[in-house]
Amino acid sequence: MSEIIIDPKRRVELPATMEGKTVLIAGAAGFVPSNVAEFYLKLGAKVIGLDNFITGSRINVTLLSKYEKFEFHECNVYESLPDFSNTKIDYILSLASPASPIDFAKIPLEIMRVNSEGTMKLLELAKEKGARFLEASTSEVYGDPEIHPQKEDYVGHVNPIGPRSCYDEAKRFAEAMTMSYHRKYGVDTRIIRIFNTYGPRMRPNDGRVIPNFINQALKNEDLTVYGDGTQTRSFCFVSDLVNAIHNVLFSFDPTPFNIGNPDEYTVIDTARFIIDALGSKSKIVHLPLPKDDPKRRRPVLDKLQAISDYKPQVSFKDGIEKTAKYFQEHGMDY
Ligand code: UDP
């Protein structure tokens, strides 16, 4: 079958309801996917969640289980999927992947397998079911970028054998696989490149900068800035990210979209901001900068904004306060 297009200039058409639709979410116990799952449950969809709990949290599944239309299967998507032969599936969201740099050292092979074998199994299912498929890729496909800010047509600067390569290269492979299923079989695919995201349902011990700093600030412990803290990131609150995902899913363009929030902060300013926002007594200490840590990162969102009304709504201060409140309510040691 030849490539289906699909009109990149056509505006996003958001459905008024998802009643009668089934959304399969791989990685549903994870931070971003569990927020996406709740969003679609609230729109009336049936949501089928899959997870092996390698980094996902059972708390998130418990929270989703209060919805009648939520169904959950514990499984490794890269080994085998549940039997869906009698199940109608309209959308498949491939969101299952550990994403914290501390995971890259601990579980590199699981990361590579879920983004290759796992993505392929989900693409096969999409082909079989005639479902729309969305692959969650990452700003990491740009590596340590030589151009700033990053647009979707930048092909990246990735070290293929560095400590982050198990994730970066696996996601690049997942994008290539998604485009290949689209071109060869006409599967209706979408790709998102997620920039740094934070918010409720993240694991406090996840290792990424925002949960680390919030956790440390709440306990009045030193905030651990890696290197001199001049490296930058652009942080998106999770509800804004979910909204961006929804817009891309209902776009008409199979090529990748950056999603996130373009407000850029140095890591040291992020530390100071969190200490202030939470009224903490913490100080800042410096630890060595990990190898291949990207120096700057900020998404250009023009592509999505040209076809949708997407605009981040949550300020950094509100987002930090909401996340801190969540950690205080759900415990800080998991
Ligand atoms: N970082 C830091 N202290 C921490 C955790 C992370 O200074 O306790 C830095 C890290 O070196 C990087 C940035 O914060 O420059 C974002 O790191 P994160 O692990 O959140 O994700 P990344 O964007 O690197 O994938």
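Remember, it's a predicted structure, so these values are computed and weren't measured experimentally.

Which parts of the structure should I look at to understand the layout of surface pockets?
Empty space among the atoms becomes visible once a probe the size of a water molecule is rolled across them. What the second largest pocket holds in volume is close to 210 Å³. N35, E38, F39, K42, P200, R201, F237, V238, S239 and V242 together form the lining of the second largest pocket. Among the secondary structure elements, those contributing two or more residues to the lining of the second largest pocket are α1 (31–42) and α7 (238–249). Sorting elements by how many residues they give to the lining of the second largest pocket places α1 first, with 4 residues. For the lining of the second largest pocket, the class distribution of residues is 5 nonpolar, 2 polar and 3 charged.

What am I meant to see in the sheet that holds strand β4 (residues 91–94) here?
By way of backbone hydrogen bonds, the strands of a sheet pair with one another, either parallel or antiparallel. If you trace the 7 strands from one edge of the open sheet to the other, you get β3-β2-β1-β4-β5-β6-β11, paired in parallel fashion. Here the strands that pair on one side only, and so sit at the sheet edges, are β3 (70–74) and β11 (257–259). Across the sheet, the axes of successive neighbouring strands diverge by a mean angle of 20 degrees, strand direction being ignored. In this structure, strand β1 (residues 22–26) lies alongside β4, joined through 4 bridges in parallel fashion. Its bridge partner lying in β4, A26 is registered against S94. Each of β5 (132–138) and β6 (189–194) is contacted by helix α5 (residues 165–185), which is oriented at about 155 degrees to β5, the strand it contacts most.

Where do I start with helix α4 (residues 108–129) in this structure?
Residues spaced three or four apart along an α-helix point in a common direction, a consequence of the helix completing one turn every 3.6 residues. Taking 1.5 Å of rise per residue, 22 residues should cover 32 Å, and α4 covers 31 Å from first to last C-alpha, within 8% of that figure. Along α4, the sharpest kink reaches roughly 30 degrees, centred on V114. The inward-facing, buried residues of α4 abut β1, β4, α3 (101–106), β5, α5 and β6.

What exactly am I supposed to notice about the site of the ligand here?
Near the ligand there are 18 residues, and of these T224, Y226, R233, D293 and R297 occur at the shortest range. In this structure, an oxygen atom belonging to the ligand sits 2.9 Å away from a side-chain N or O atom of N196. Between the ligand and the protein, one listed contact pairs an oxygen atom with a side-chain N or O atom of R297 at 2.7 Å. In isolation the ligand offers 510 Å² of accessible surface; the protein chains occlude 96% of this area.

Reading guide: rules and limits
- Residues numbered from 1 in each chain as written.
- Predicted model: local features only at pLDDT ≥ 70, side-chain atom pairs only at ≥ 80, totals over all residues.
- Heavy atoms only, no water.
- 1 Å grid on protein atoms, 1.4 Å probe; cavity = no way out; pocket = protein on both sides within 12 Å on 5 of 7 lines; lining within 4 Å.
- Points joined across faces, edges and corners; volume = space filled by probe spheres on them.
- Helix = DSSP H or I, 4+ residues; strand = E, 2+ residues; numbered from the N terminus.
- Nonpolar A, V, L, I, M, F, W, Y, C, P; charged D, E, K, R; others polar.
- Pairing = 2+ DSSP bridges.
- Axes fitted to C-alpha atoms, helices over the stretch in contact; angles between N-to-C directions.
- Contact = heavy atoms within 4.5 Å.
- Expected span 1.5 Å × (residues − 1).
- Bend = angle between axes of the 7 residues up to and from the residue.
- Near = heavy atom within 4 Å.
- Polar contact = N/O pair within 3.5 Å; in protein donor to acceptor, adjacent residues only side chain to side chain.
- Areas by Shrake-Rupley, 256 points an atom, 1.4 Å probe, with all protein chains shown as cover.

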